[in-house]
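Examining the three-dimensional arrangement
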Amino acid sequence: MRRSSPLSQAFRFARSQPALRSVGFWLIFLPLLAMNVLIRFADVLRQENSDMSNVLGLIVLALFAGVLLVWGTACILLIGKRLLRSGAGRSRTSFRAVTRQASGFVIPLLLTGILRGCITTLWSLLLVVPGIIYNLSTIFYPVVVVCEGLSYRPALQRSKQILKGQWWKGVLRILWIAIILFVPFHIVLALLELTVQDFWQALILDFAGSAVDAFLIVIFTLTTIVVYRDLKKNL
């Protein structure tokens, strides 16, 4: 029997996990919508040369929304951890239980991501290509942090280890899936943005765009777990 693609596996799994809907709404959609609206307000304030304290307030709110997104990602990964086992079926885990368990991964995910960004920047200052390669080689660090319990340098090293000898296979699959999911939608979104004429049209577009983006982020995050699992089997 032909094995189903990572995307189809992610879709099937998502349908069987009721808690994912709550996570997608409260911790992915709402923070995305907030960030999009805040960006629009910041642009208006910039054009009006508003007081910097207003802009700084928006930045603080955007950072808070970003933390919520990291929390939501941790929740998705925690639920999706079941994909690492064969026969992952319907889970009765509640939204409250998932968010409580996932809260412990927020700081490790944030700090590991910052560490990854710093190392990537240092590599890029020396040579651009090694920086890009390092960034792509550590693409699975969120899965490692939540699903394997490693953080910081060990998580980044584990991601590189998983891709050892199968770098092109793993990275190209992730990039191709990201292109399929996000690029067509964001091209359409950019074209619709050109037609926006007032605040309410912009708000409707932000609402619709955030809703679709939230769904795509849930599916993409689950897909990275499937790809990680398949690569891990080949070690």
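Residues numbered from 1 in each chain as written. Predicted model: local features only at pLDDT ≥ 70, side-chain atom pairs only at ≥ 80, totals over all residues. Heavy atoms only, no water.

1. Thoughts on the overall build of the chain
When you go through the chain residue by residue, the secondary structure sums to ten helices and zero strands. Taken against the 2.2 N^0.38 rule, which gives 18 Å for 235 residues, the C-alpha radius of gyration of the chain at 19 Å falls within 12% of a compact globule. Based on the C-alpha atoms only, the size of the chain along its principal axes is roughly 55 × 45 × 35 Å. The buried share among the 235 residues of the chain stands at 43%. In the form shown here, the chain has an accessible surface area of approximately 13,200 Å², with 69% of it arising from carbon and sulfur atoms. When the 24 positive and 9 negative side-chain charges of the chain are each reduced to one mean point, those points stand 25 Å apart. (Helix = DSSP H or I, 4+ residues; strand = E, 2+ residues; numbered from the N terminus. Rg over C-alpha atoms; globule rule 2.2 N^0.38 Å. Buried < 20%, exposed > 50% of the residue type's maximum accessible area, 1.4 Å probe, protein only. Areas by Shrake-Rupley, 256 points an atom, 1.4 Å probe, with all protein chains shown as cover. Lys, Arg positive; Asp, Glu negative; His and termini not counted. Charge placed at Lys NZ, Arg CZ, Asp CG, Glu CD.)

2. Quick look at the state of the cysteines
One pass over the structure, following the stated rule, counts zero disulfides. C75 forms no disulfide, and the closest cysteine sulfur to it belongs to C147, at a distance of 13 Å. (Disulfide = S-S within 2.5 Å.)

3. Things to note about the side chain of S159
As for its position among the elements, S159 is in helix α8 (residues 152-162). Residue class for S159 comes out buried when judged on its relative accessible area of 0%. Reaching out from S159, the side chain makes a polar contact with the backbone oxygen of S137 at a distance of 2.8 Å. Not counting chain neighbours up to four residues away, the residues in contact with S159 comprise S137, T138, I139, F140, Y141 and V144. (Polar contact = N/O pair within 3.5 Å; in protein donor to acceptor, adjacent residues only side chain to side chain. Contact = heavy atoms within 4.5 Å.)

4. Focus: the pattern of salt bridges
According to the stated counting rule, one finds six salt bridges in the structure shown. Ionic pairing is found between E148 and K232, a salt bridge with its closest N-O pair at 3.3 Å. You can see E148 sitting in the loop between α7 (141-147) and α8 and its partner K232 sitting in helix α10 (residues 199-233), a full 84 residues away along the chain. A relative accessible area of 34% places K232 in the partly exposed class. Two residues, D230 and R229, come together in a salt bridge whose shortest N-O distance is 3.3 Å. (Salt bridge = Lys/Arg side-chain N within 4 Å of Asp/Glu carboxyl O.)

5. Regarding the layout of surface pockets
Size it by volume and the largest pocket reaches roughly 560 Å³. Around the largest pocket, the lining comprises 19 residues; the ones closest to its centre are T73, P142, I217, F220 and T221. Among the elements of the structure, α3 (52-80), α5 (106-126), α7, α9 (167-193) and α10 are those that each provide at least two residues to the lining of the largest pocket. With five residues, α3 is the largest single contributor of residues to the lining of the largest pocket. Along the lines of polarity and charge, the residues of the lining of the largest pocket split into 14 nonpolar, four polar and one charged. (1 Å grid on protein atoms, 1.4 Å probe; cavity = no way out; pocket = protein on both sides within 12 Å on 5 of 7 lines; lining within 4 Å. Points joined across faces, edges and corners; volume = space filled by probe spheres on them. Nonpolar A, V, L, I, M, F, W, Y, C, P; charged D, E, K, R; others polar.)

6. What to know about unusual backbone geometry
Phi angles above zero are rare outside glycine, and Y152 is one such case at about 60°. Note on placement: Y152 falls in helix α8.

7. Focus: the nonpolar core
Membership of the largest hydrophobic core comes to 61 residues, with the highest contact counts inside it found for L109, V146, L181 and L222. With twelve residues, α10 is the single largest residue contributor to this core. Those residues in contact with L181, other than ones at most four positions away along the chain, are L7, L216, I219 and F220. (Core = buried A, V, L, I, M, F, W, Y, C linked by side-chain atoms within 4.5 Å.)

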